[in-house]
Amino acid sequence: MSLLRVVARHVARPWTRPFASESPSSFSPATGVYQVFDRATKRKQRDRAVSRDAGVGSRTVDYVRDEVADRMMERLLDIKRKFDTIVDLGSGPGHFSKLLEPEKTRKVLMIDSSETTLNRDPDEEFEVEVERVHADEEDVLDILPRNSQEAIVSCLSLHWVNDLPGVLVQIKEALKPDGLFLGAMFGGDTLFELRTALQLAEVDREGGISPHISPMTDTKDISNLLSRAGFTLLTVDIDEVRVGYPSMWELLEDLRDMGESNAVVGRRHFLHRDTLAAASAIYKELHGNEDGSVPATFQIIYMIGWKPSANQPKPLDRGSAQTNLKDVL
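A. Summary view of the pattern of salt bridges. With the rule as written, the count across this model stands at 23 salt bridges. When the shortest N-O distance is used, the salt bridge between Asp84 and Arg106 registers 2.9 Å. Of this pair, Asp84 sits in strand β3 (residues 83-89) while Arg106 sits in strand β4 (residues 105-112), and the two are 22 residues apart along the sequence. Owing to a relative accessible area of 37%, Asp84 belongs among the partly exposed residues under this scheme. Take Arg106: its relative accessible area is 41%, and that puts it in the partly exposed class. Here Lys98 makes a salt bridge to Asp121, at a shortest N to O gap of 2.4 Å. Pair noted here: Lys98 is in the loop between β3 and β4 and Asp121 is in the loop between α4 (115-118) and β5 (129-134), with a separation of 23 residues, a long-range link. Look at Lys98 and you get partly exposed, because its relative accessible area is 22%. Of the residues examined, Asp121 reaches a relative accessible area of 2% and is grouped as buried. What emerges from the salt-bridge pattern is a single network uniting Arg59, Asp62, Lys98, Arg120, Asp121 and Glu125.

B. Expanded view of a nonpolar patch on the surface. A cluster of nonpolar residues, Leu325, Val328 and Leu329, forms a patch on the protein surface that exposes about 380 Å² of accessible area. By the element assignment, Val328 lies in helix α11 (residues 325-328).

C. Structural view of the environment of His134. Within the element layout of this structure, His134 appears in strand β5. The contacts of His134, once residues within four sequence positions are left out, are Asp112, Ser113, Ser114, Glu115 and Leu118. Within the structure, His134 has its side chain in polar contact with the backbone oxygen of Ser113 (distance 2.9 Å).

D. Expanded view of the nonpolar core. Counting residues in hydrophobic clusters, the biggest one holds 52 residues, and the most contacted among them are Val68, Phe96 and Phe298. In this structure, Leu109, Leu158, Leu175 and Ile222 belong to the second largest nonpolar core, which totals 25 residues.

E. Broad picture of unusual backbone geometry. Even without being a glycine, Leu191 presents a positive backbone phi close to 55°. Position of Leu191 relative to the elements: it lies in the loop between β7 (175-186) and α7 (192-206). Under the relative-accessibility criterion, Leu191 is labelled buried at 5%. We note that Leu233 has phi near 50°; this positive angle belongs to a residue other than glycine. Within the fold, Leu233 resides in strand β8 (residues 232-245).

F. The arrangement of the sheet that holds β3 in detail. Spatial strand order, β5-β4-β3-β6-β7-β9-β8: 7 strands in an open sheet with mixed pairing. Strands at the two margins of the open sheet, each flanked by one partner only, are β5 and β8. Neighbour to neighbour, the strand axes of the sheet diverge by 15° on average, direction disregarded. Where strand β6 (residues 149-155) meets β7, 6 bridges bridge the pair, whose relative direction is parallel. Bridge assignment links Gln149 to a residue of β7, and that residue is Leu175. Packing against the sheet, helix α3 (residues 63-77) makes contact with β3, β6, β7, β8 and β9 (294-306), and its axis sits at approximately 150° to β8.

G. Main features of the packing of aromatic side chains. Overall, the coordinates contain 2 aromatic pairs when judged by the stated rule. Between the aromatic rings of Phe186 and Phe298, the centroid separation amounts to 5.8 Å while the plane-to-plane angle is 40°, which identifies the pairing as tilted. Taken together, the residues Phe186 in strand β7 and Phe298 in strand β9 connect sequence positions 112 residues apart. The residues Phe186 and Phe298 share a single accessibility class, namely buried. Sitting above the plane of the Trp160 ring, Lys42 keeps its charged end 3.8 Å from the centroid. Over the ring of Trp249 we find Arg273; its NZ or CZ atom is 4.8 Å from the centre of that ring.

Scoring rules and cut-offs
- Residues numbered from 1 in each chain as written.
- Predicted model: local features only at pLDDT ≥ 70, side-chain atom pairs only at ≥ 80, totals over all residues.
- Heavy atoms only, no water.
- Salt bridge = Lys/Arg side-chain N within 4 Å of Asp/Glu carboxyl O.
- Helix = DSSP H or I, 4+ residues; strand = E, 2+ residues; numbered from the N terminus.
- Buried < 20%, exposed > 50% of the residue type's maximum accessible area, 1.4 Å probe, protein only.
- Patch = residues over 30% accessible without salt bridge, like charges linked within 9 Å, V, L, I, M, F, W, Y side chains within 5 Å.
- Areas by Shrake-Rupley, 256 points an atom, 1.4 Å probe, with all protein chains shown as cover.
- Contact = heavy atoms within 4.5 Å.
- Polar contact = N/O pair within 3.5 Å; in protein donor to acceptor, adjacent residues only side chain to side chain.
- Core = buried A, V, L, I, M, F, W, Y, C linked by side-chain atoms within 4.5 Å.
- Pairing = 2+ DSSP bridges.
- Axes fitted to C-alpha atoms, helices over the stretch in contact; angles between N-to-C directions.
- Phe/Tyr/Trp six-rings, centres within 6.5 Å; stacked < 30°, edge-to-face > 60°.
- Lys NZ or Arg CZ within 6 Å of the ring centre and 35° of its normal.

Pasting the structure below:
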């Protein structure tokens, strides 16, 4: 099938997508955390995506994660430090890890809850030593001892965790003092075109709406979450990847092959065919391109945080400046 998947880079790299709706959730007394996502279902979806057609479809839809991994690597290369080991949390088959070179690290530790996805690609595709650990990304401190890691990265996996503030705290605790956290996750405006089309079609055909696209973290909350988790020297920026598809149907097919199908607790397991047909027509009418294709926007939030350390740069005390600002201006 010939698909019109073209990553559209803009000079300003704008990124947008309205992706916010209320979703059902259940409270887990064992963890004290509301379960927005069914993690077991998500693991099965990702396992099936890799197992289908011997992984051919899964590799075909690597384009979004590969693009984001490349942009993450640009940020890592700006940090003039070599690490002995980098932990890739929620690594998938290694989109980011494959870009690591010996000049930057000796080894990468890949952690993912989907064993099939974790082992999809052979070690020969990596430039550095690889160790793979099949474990849940929500249980960081069950995998990594406290104060043990120089750097932890996460490329597009944190949007599926139920307790994002708790996971960020665990990441900070697993880092050594002055350790690095570099992450990228989908932001709240991801796939706004699909969300609005499905909602309008459902209201028109069924008289109500239900969540079909996962709720995501709003961009303005990330800095607060990182700060509350105890990180310092924060950097947060927003980017977007826009992809063109022949129609909404190819987008849905690719999301399935990415393992990004709906996994919200209490979700509807089907949509009527006529509702989907209406959504496709609305999608093209509201958002369609002049050439007949339809765009899909993936908003990406990039974040950098450091575990506090005594040797980190600190702001000078108020009033201690030796130069008058008037002289500079």
